[in-house]
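# Observations on the model geometry
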Amino acid sequence: MISVFNSANLISSQSLTGIEIDSQKNLIYLFINMAITFAFGGISLKTLLDDMQD
């Protein structure tokens, strides 16, 4: 789960280093990366909680 957050942070930091014209596109990439991070985080958290109940 930590690696998912780290990779999303690397992708977002790479996409945020651009010129000012691309700021709207970079913001879209940031939200996409956040959505992917929360999706993977939620899936792994659900898997962890399901494993703890068994």
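To be clear, the structure that these remarks concern was listed above.
Being a predicted model, the structure only gives us computed values, none of them experimental. (Residues numbered from 1 in each chain as written. Predicted model: local features only at pLDDT ≥ 70, side-chain atom pairs only at ≥ 80, totals over all residues. Heavy atoms only, no water.)

## A few points about the overall build of the protein
- Tallying secondary structure elements over the protein gives two helices and zero strands in all.
- Looking at the protein residue by residue over its 54 residues, the buried ones come to 13%. (Helix = DSSP H or I, 4+ residues; strand = E, 2+ residues; numbered from the N terminus. Buried < 20%, exposed > 50% of the residue type's maximum accessible area, 1.4 Å probe, protein only.)

## Digging into the pattern of salt bridges
- This structure, assessed with the given rule, holds one salt bridge.
- Across the pair Lys46 and Asp50 runs a salt bridge whose closest N-O atoms are separated by 2.9 Å. With Lys46 and Asp50 both in helix 2 (residues 23-53) and four residues apart, the pair spans about one turn of that helix. (Salt bridge = Lys/Arg side-chain N within 4 Å of Asp/Glu carboxyl O.)

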